[in-house]
Amino acid sequence: LLVDGTKVHLQGKKGKDLGQAEMRWALASEGSGKPFEPVGFWIDTSWKSIRKDLAKRLNYANLRVLFSDGGPGIVENLLSSRMRDQRCMWHGKHDFPYILYADGLKKADQKPFIDQLNAIAAMRMTKAELEKLKPEDRAHVRQLAQQTQQGFEELLKVLEPYPKAKVYIENLVKPVSTFLRWWLQNGEALPLTTNAIESHFSRICNRVKRIGRRWSDRGLLN
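It should be emphasised that the depicted structure is a prediction, and the values quoted were computed from it without experimental measurement.

## Points about the packing of helix α3 (residues 89–102) against helix α8 (residues 163–176)
Orientation of α3 relative to α8, taken along the N-to-C sense of each, is 170 degrees, at an axis distance of 9 Å. By the angle between their directions, the pair α3 and α8 is classed as roughly antiparallel. Together, M89, H91, G92, D95, F96, I99, L100 and A102 of α3 and K164, A165, Y168, I169, L172 and V176 of α8 make up the contact between the two elements.

Encoded structure:
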């Protein structure tokens, strides 16, 4: 299951400004190598309500991995006891500077920590590299997993003076490297990002701004 959300600006009749709304999507795939297909679209709907809706549309017990950017309420509401949490690697890197800034670090001071995060084995992995792995690479993947754990432990040590950043990384360690454990157990390559949705968001948002100037909630869903 792959989920994400983005802000859209709606306009009503005669160009009335309806303000911003949260548009949320869910896509699902039947397994490794199978495409992600849309299974739901919602406007200003809580993740709790989305979970109930998805439970009617899908065999939720069969879902094994939740892909997301880790936004508020996603994991708490959509991750079942039988699912694993795979955090979007791009968002994991992209959001880190904002957390460091919240701890009082300006751009120049952030660089050593950002470089250290980007140097961690799992954070350097690409989709192409993951898909090229073969059964005989098992020892190499185990080594990558160990190096990843060690890299995060070293990053956490240097983040001791920065509580917000430390908590952020603590919450990132396990879900951002789920793909390594999954490969070792199943020999399958998981997506590393939420790009399957992100690539469509920009087109939709452009249509809302440039074309659908009078779309209501229902119009946008249609």
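## Remarks on the nonpolar core
Of all hydrophobic cores here, the largest spans 47 residues; its most connected members are F96, L117, F152, L159, I169 and F179. It is α8 that provides the largest number of residues to this core, a total of six residues. Look past the residues within four positions of F152 in its chain and what remains in contact with it is L117, I120, M123, I169, V173 and V176. Core analysis: the second largest hydrophobic core is formed by 15 residues, W42, I50, I74 and M83 among them.

## Some words on the packing of aromatic side chains
Within the structure shown, the criterion is met by five aromatic pairs. Each ring, one from W25 and one from F201, has its centre 5.0 Å from the other, and the planes form 75 degrees; the classification is edge-to-face. Remark: F201 occurs in helix α10 (residues 195–210) and W25 occurs in strand β2 (residues 17–28); sequence separation between them is 176 residues. Here W25 falls in the buried class, since its relative accessible area comes to 8%. Its relative accessible area of 4% is what places F201 among the buried residues. Taking the centre distance of 5.9 Å and the plane angle of 90 degrees together, the rings of F36 and F67 count as edge-to-face.

## Let's talk about helix α4 (residues 107–118)
End to end, α4 covers 16 Å across twelve residues, agreeing with the expected 16 Å (1.5 Å per residue, within 8%). Every buried residue of α4 is listed here: Q110, F113 and L117. Buried residues of α4, viewed axially, fall in a sector of 65 degrees; they line one side. Tucked inside the fold, the buried residues of α4 contact α3, α5 (121–124), α7 (138–158) and α8.

## What about the pattern of salt bridges?
Where charged atoms from two side chains of opposite charge come close, those side chains can pair. Under the defined criterion, the tally for this structure stands at six salt bridges. For D115, the salt bridge identified is with K111, shortest N-O distance 2.6 Å. Residue D115 and its partner K111 are located together in helix α4, separated by four residues, close to a single helical turn. Using a relative accessible area of 36% as the deciding quantity, one classes D115 as partly exposed. Salt bridges linked by common partners bring K7, E22 and R24 together as one network.

Cut-offs used in this document
- Residues numbered from 1 in each chain as written.
- Predicted model: local features only at pLDDT ≥ 70, side-chain atom pairs only at ≥ 80, totals over all residues.
- Heavy atoms only, no water.
- Axes fitted to C-alpha atoms, helices over the stretch in contact; angles between N-to-C directions.
- Helix = DSSP H or I, 4+ residues; strand = E, 2+ residues; numbered from the N terminus.
- Parallel < 35°, antiparallel > 145°, perpendicular 65-115°, else oblique.
- Contact = heavy atoms within 4.5 Å.
- Core = buried A, V, L, I, M, F, W, Y, C linked by side-chain atoms within 4.5 Å.
- Buried < 20%, exposed > 50% of the residue type's maximum accessible area, 1.4 Å probe, protein only.
- Phe/Tyr/Trp six-rings, centres within 6.5 Å; stacked < 30°, edge-to-face > 60°.
- Expected span 1.5 Å × (residues − 1).
- Arc of directions from axis to C-beta.
- Salt bridge = Lys/Arg side-chain N within 4 Å of Asp/Glu carboxyl O.

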